[in-house]
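Chain by chain, the residues:
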Amino acid sequence: WGGMMGMVPNKDQQAMSDEEKAEALALVKGMHMNKSLCYTKIEQWEKGVLAVNKALEFGGDEGKCKYRRGVCHLKMGDAANARSDLERALELNPSDTAIAKMLKEVDKLDKKQEGKAKATFKKMFG
């Protein structure tokens, strides 16, 4: 958003009071958070990751963002990034059982991927 994140503000943004800027920033942050939720609901995982990244740029709730991005990574089969995001989300929200549940899903994905890798190497090297 112009004037934030190193961008040049436009004339409208320059005329805004600090209170108006803070309100606008909160709206933009909320928009990206809502966008990320919508993308996860319709299983658009890549777009969900992009929306979460934008929300984080604007100061979105790190715990929610890391959880949502972790779920997107999990659904895309990226166990390493899913684990990283979900572990951070759990640090920020240790009592959230949904995060712990998703980490168990990451463990299952890891085991499945390890099994596939072993089978591939067995075929290659006999």
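Please refer to the structure higher up on the page.
Residues numbered from 1 in each chain as written. Predicted model: local features only at pLDDT ≥ 70, side-chain atom pairs only at ≥ 80, totals over all residues. Heavy atoms only, no water.

Caption draft 1: How the structure looks around helix α3 (residues 45-57). Compared with the 18 Å implied by 1.5 Å per residue over 13 residues, the 19 Å span of α3 between its first and last C-alpha is a close match. Looking at α3, one finds that the buried residues are Trp-45, Gly-48, Val-49, Ala-51, Val-52 and Ala-55. The buried side chains of α3 occupy one side of the element, clustering within an arc of 165° when seen end-on. The outward face of α3, more than 90 degrees from its buried face, is lined by the exposed residues Glu-46 and Leu-50. Looking at the buried side of α3, the elements it contacts are α2 (18-41) and α4 (62-75). At the C-terminal side of α3, Gly-59 shows a positive phi close to 85°. (Helix = DSSP H or I, 4+ residues; strand = E, 2+ residues; numbered from the N terminus. Expected span 1.5 Å × (residues − 1). Buried < 20%, exposed > 50% of the residue type's maximum accessible area, 1.4 Å probe, protein only. Arc of directions from axis to C-beta. Contact = heavy atoms within 4.5 Å.)

Caption draft 2: Summary view of helix α5 (residues 79-92). In this model, α5 (14 residues) spans 20 Å end to end at C-alpha, consistent with the 20 Å of a helix rising 1.5 Å per residue. Of the positions making up α5, those classed as buried are Ala-79, Ala-82, Asp-85, Leu-86 and Ala-89. What you see down the axis of α5 is that its buried residues fit within an arc of 135°, all on one side. Structural note: α5 exposes Ala-80 and Glu-91 on the side pointing more than 90 degrees away from its buried face.

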